[in-house]
Amino acid sequence: MPLDATLDVTTDEDVQFSFRVVNEGTTAITLTFSSGKRADIVVRNESGEEVWRWSDGQMFTQAITRATLEPGEQIEQSYTWPDPPSGTYVATGILEADYDLTAQTELTV
């Protein structure tokens, strides 16, 4: 499937993430989600240890849903990591659908 993912980051007092999935193909693609969580963000330190995960402590509806992306269409979600400690990290955006898709970016706080 011709899906592409990007993870953009903006650092200030908090870290803002924008995870975007785009259908770069010529036909529609239907994604199936097993819960209300459509994507997740995982942040690891320089040692590879997980230091923050957006979905930790959250609850999601347990219902199968579908989203169809027409050619050129995208889905985008924003996430906030509040008050992160100083350091250098690698963040990974993960699509939580029946299609294995991730995007990574490095950031320094």
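The structure we're discussing is the one just above.
Residues numbered from 1 in each chain as written. Predicted model: local features only at pLDDT ≥ 70, side-chain atom pairs only at ≥ 80, totals over all residues. Heavy atoms only, no water.

1. Focus: unusual backbone geometry
So, point 1. Despite not being glycine, Asp83 has its phi angle at roughly 50°, a positive value.
So, point 2. Structurally, Asp83 can be placed in the loop between strand 7 (74-81) and strand 8 (88-95).
So, point 3. For Asp83, a relative accessible area of 65% translates into the label exposed. (Helix = DSSP H or I, 4+ residues; strand = E, 2+ residues; numbered from the N terminus. Buried < 20%, exposed > 50% of the residue type's maximum accessible area, 1.4 Å probe, protein only.)

2. Here's the deal with the pairing of strand 5 (residues 50-53)
Within a regular beta strand, the side chains point alternately toward one face of the sheet and then the other, so they alternate between its two faces.
So, point 1. Bridging between strand 4 (residues 39-45) and strand 5 involves three bridges; their strand directions are antiparallel. Considered in strand 5, the bridge of Val42 is made with Arg53.
So, point 2. Remark: four residues form the turn of the hairpin made by strand 4 and strand 5, two consecutive strands paired antiparallel; Gly48 in that turn has positive phi of roughly 85°. (Pairing = 2+ DSSP bridges.)

3. Quick look at the nonpolar core
So, point 1. Core analysis: the largest hydrophobic core is formed by 26 residues, its most contacted members being Phe17, Phe19 and Ile41.
So, point 2. Residue assignment for this core shows that the elements contributing at least two residues are strand 1 (3-11), strand 2 (15-23), strand 3 (29-33), strand 4, strand 6 (65-69), strand 7, strand 8 and strand 9 (102-108).
So, point 3. Sort the elements by how many residues they give to this core and strand 2 lands first, with four residues.
So, point 4. Setting aside residues up to four positions removed in sequence, Ile41 forms contacts with Leu7, Phe17, Phe19, Trp52, Arg53, Trp54, Tyr79, Thr92 and Gly93. (Core = buried A, V, L, I, M, F, W, Y, C linked by side-chain atoms within 4.5 Å. Contact = heavy atoms within 4.5 Å.)

4. Quick word on the sheet that holds strand 2
So, point 1. With respect to topology, three strands assemble into an open sheet ordered 1-2-7, the strand pairing being antiparallel. Two strands in the sheet have a free side with no partner beyond their single neighbour: strand 1 and strand 7. Neighbour-to-neighbour, the strand axes of the sheet open up by a mean angle of 15°, direction not taken into account.
So, point 2. With eight bridges joining them, strand 2 and strand 7 adopt antiparallel strand pairing. Counted as the bridge partner of Val21 is Ile75 from strand 7. (Axes fitted to C-alpha atoms, helices over the stretch in contact; angles between N-to-C directions.)

These values are about where atoms sit, not about what they do.
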